[in-house]
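# Examining the three-dimensional arrangement
The lines below spell out each chain.
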Amino acid sequence: MIFDYPESPSGRLHGPAGYESYESFRPWLRDEFIFRCVYCLKRETWGQVTGDFELDHFHPQSLAPDLTHDYFNLVYACRRCNSVKLDQSVDDPTMHFSSESVVVSQDGGLASDKPQTKRLIRQLDLNSPKLKKWRVMWMRIVDLAKERDANLFKQLAGFPEDLPNLGRLRPPSNSRPGGIEASWYAKRQRGWLPDTY
Ligand SMILES: [Zn+2]
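Quick summary incoming for the structure in this document. The structure displayed is predicted, hence computed values, not measured ones.

This next bit is on the coordination of the zinc ion. Within the protein, the zinc ion binds to Cys37 (SG), Cys40 (SG), Cys78 (SG) and Cys81 (SG); these donor distances fall in the range 2.3 to 2.4 Å. Around the zinc ion, the 4 donor atoms are arranged such that angles at the metal cover 105 to 114°; this shape is classified as tetrahedral. The motif formed by the donor residues of the zinc ion, counted along the single chain, is C-x2-C-x37-C-x2-C. With a gap of 44 residues between them, cysteine 37 in the loop between α1 (26-32) and β2 (53-57) and cysteine 81 in helix α2 (residues 79-85) connect regions that are remote in the sequence. Here cysteine 81 falls in the buried class, since its relative accessible area comes to 0%.

Right under this line is the structure:
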């Protein structure tokens, strides 16, 4: 299901560090967050990617300047979510947005019984009428594609073509080098990349 959040809070796969510009973390974050917004699950493949996805500090730079270049404070977010969040400090979404803590209903709304997840949903305004409508629309589009157009379905629910080759990057340090072998690019090299996710 295209709006299913990751299965469980599993911690980070990658741990690059030491870049001078936080933009350098972008390929790591694209891979880490599976090419979609950590908050609303909008995918790169649903639009024009250039400029559409931003690197969000969940503890904002204004309140936690020491975490500006900390990979573990960065998430991959769409422009809409980043602009709604603004300078709010929020809990780590990787800990509170999982399929264990949030479900998407047929009306496009997000439901949770966990207080921290509920707060995040509220802070990001993820249950606005506009966003609920948007989810219903995409669920329908992807369902129709699945029924009628296998190529379109793969395009909408599959991986982007430009998977980042993380093994070629040289971050000043990397506390989790093993993640590179588990990256989507490495999976594709081995023929293990699923058609859709
Ligand atoms: Zn978003």
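Let's pick the thread back up.
Take the pairing of strand β3 (residues 74-78) next. With 5 of its 5 residues buried, β3 lies for the most part within the structure. Judged by which residues are buried, β3 turns out to be covered on both faces: Leu74, Tyr76 and Cys78 on one side and Val75 and Ala77 on the other are all buried. Looking at chain direction, β2 and β3 are connected through 5 bridges and run antiparallel. Bridged to histidine 57 within β3 is leucine 74.

Moving on, we come to unusual backbone geometry. Even without being glycine, leucine 41 reaches a positive phi, approximately 70°. Locating leucine 41 in the fold gives a position in the loop between α1 and β2. Of note, the phi angle at aspartate 125 is positive, near 50°, even though the residue is not glycine.

Parameters and conventions
- Residues numbered from 1 in each chain as written.
- Predicted model: local features only at pLDDT ≥ 70, side-chain atom pairs only at ≥ 80, totals over all residues.
- Heavy atoms only, no water.
- Donors = N, O, S within 2.8 Å, 3.2 Å for Na, K, Ca; no water.
- Tetrahedral: all angles 85-135°; square planar, octahedral: opposite > 155°, others 65-115°.
- Helix = DSSP H or I, 4+ residues; strand = E, 2+ residues; numbered from the N terminus.
- Buried < 20%, exposed > 50% of the residue type's maximum accessible area, 1.4 Å probe, protein only.
- Pairing = 2+ DSSP bridges.

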